[in-house]
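Structural characterization, general
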Amino acid sequence: MNHQLFEDLIFTQDALTQEQALALQEHLQSCETCSALASAWRQVTPMFAAPVMLEPSPGFVSRWQQTLEMDRERSQRRQSLVMFALGIGLASIFLVLLAIGVLYTFNSPLEWFLTLTSRLATLFFLADAFRDSFVILRTALPVSWWISGGLAVVALCILWIFSLQKLATAGRTSS
Ligand SMILES: [Zn+2]
């Protein structure tokens, strides 16, 4: 058997013809030496031919986008948690103020209790409605709208304070 011919075929850089490939395959099945040589060569060649620039593994871009998406979701969840905590805090402050006010207004504990219950129900209903509308607005409106809305509120507050001051000074000068 002509091993040299097949070794040449194993080591060649050129593409094999169909007959050459078939003959080599047949020989490798019967010859242990050449088959060992061929498999060793197959393991070694990628090291020589290793590309300088490593290409990203397939699906890299989509995985990256997925990570980005997950990060965004996480920060959004954190944001809504903060809003939730803020709402709870405001509600408790309001409740305490309400309780103090109610305690000073009512004499009978039953009257106090009934009023408190109805007010609490109203408060929870309002809070719920507020939260719902807030969630809808937050998902529906872009951030720029929120910023301009906030600026408008600030401008209105300044205008209000300014006009109050004007009224106060006008009242003082007329009297
Ligand atoms: Zn051989």
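The written sequence of each chain sets the order in which its residues are numbered from 1. In keeping with the model being predicted, local features are shown solely for residues with a pLDDT of at least 70 and side-chain atom pairs are shown and tallied solely at 80 or more, while totals for entire chains, interfaces and linings include all residues.

1. Digging into the overall build of the chain
Stated precisely, the cut-off is as follows: The way it works is that DSSP assigns letters per residue, a run of H or I at least four long becomes a helix, a run of E at least two long becomes a strand, and they are numbered from the N terminus. Between the buried cut of 20 or more and the exposed cut of 12 or fewer other C-beta atoms within 10 Å of a residue's own C-beta lies the partly exposed class, and all C-beta atoms are placed from the backbone. Note that contacts rest on C-beta atoms placed from the backbone: two residues are in contact if these are within 7 Å.
Helix and strand content of the chain: six helices and zero strands. Seen in sequence order, the chain has helices and strands lined up from the N terminus as α-α-α-α-α-α. Put simply, the chain has 175 residues, and 3% of those count as buried. Pairs at least 24 apart in sequence give 48% of the contacts found in the chain among residues at least 6 apart.

2. Observations regarding the nonpolar core
To keep things clear, this is the line we draw: When buried Ala, Val, Leu, Ile, Met, Phe, Trp, Tyr and Cys residues are joined through C-beta atoms within 7 Å, the set is termed a nonpolar core.
Formed by Phe-6, Leu-9, Ile-10, Leu-24, Cys-34 and Ala-38, the largest nonpolar core amounts to six residues. Contributing elements (two or more residues each) for this core: helix 1 (3-11) and helix 3 (32-48). With three residues, helix 1 is the largest single contributor of residues to this core. For Leu-9, the residues in contact, after removing those within four places along its chain, are Leu-16, Gln-20 and Leu-24.

3. With respect to the environment of Val-135
With respect to the helices and strands, Val-135 occurs in helix 5 (residues 109-140). A tally of 12 C-beta atoms within 10 Å means that Val-135 is categorised as exposed. Sequence spacing of Val-135 and Ser-80 is 55 residues, and the spatial spacing of their C-alpha atoms is 8.9 Å.

4. Overview of helix 5
Here is the rule: Multiplying one less than the number of residues by 1.5 Å gives the expected span of a helix.
The terminal C-alpha atoms of helix 5, which comprises 32 residues, lie 45 Å apart, in line with the 46 Å expected from a rise of 1.5 Å per residue. Here helix 5 lies mainly on the outside; zero of its 32 residues are buried.

5. Some remarks on helix 1
Selection criterion: This arc corresponds to the set of directions leading from the helix axis out to the C-beta atoms.
Among the residues of helix 1, Phe-6, Leu-9 and Ile-10 are the ones counted as buried. One face of helix 1 carries all of its buried residues, which in axial projection span an arc of 100°. Those residues of helix 1 that are exposed and angled more than 90 degrees off the buried face are Gln-4, Asp-8 and Phe-11.

6. Quick look at the environment of Phe-11
In this structure, Phe-11 sits in helix 1. The exposure class of Phe-11 is exposed, given the 11 C-beta atoms found within 10 Å. Distance from Phe-11 to Arg-42, taken between C-alpha atoms, is 9.5 Å for residues 31 residues apart in sequence.

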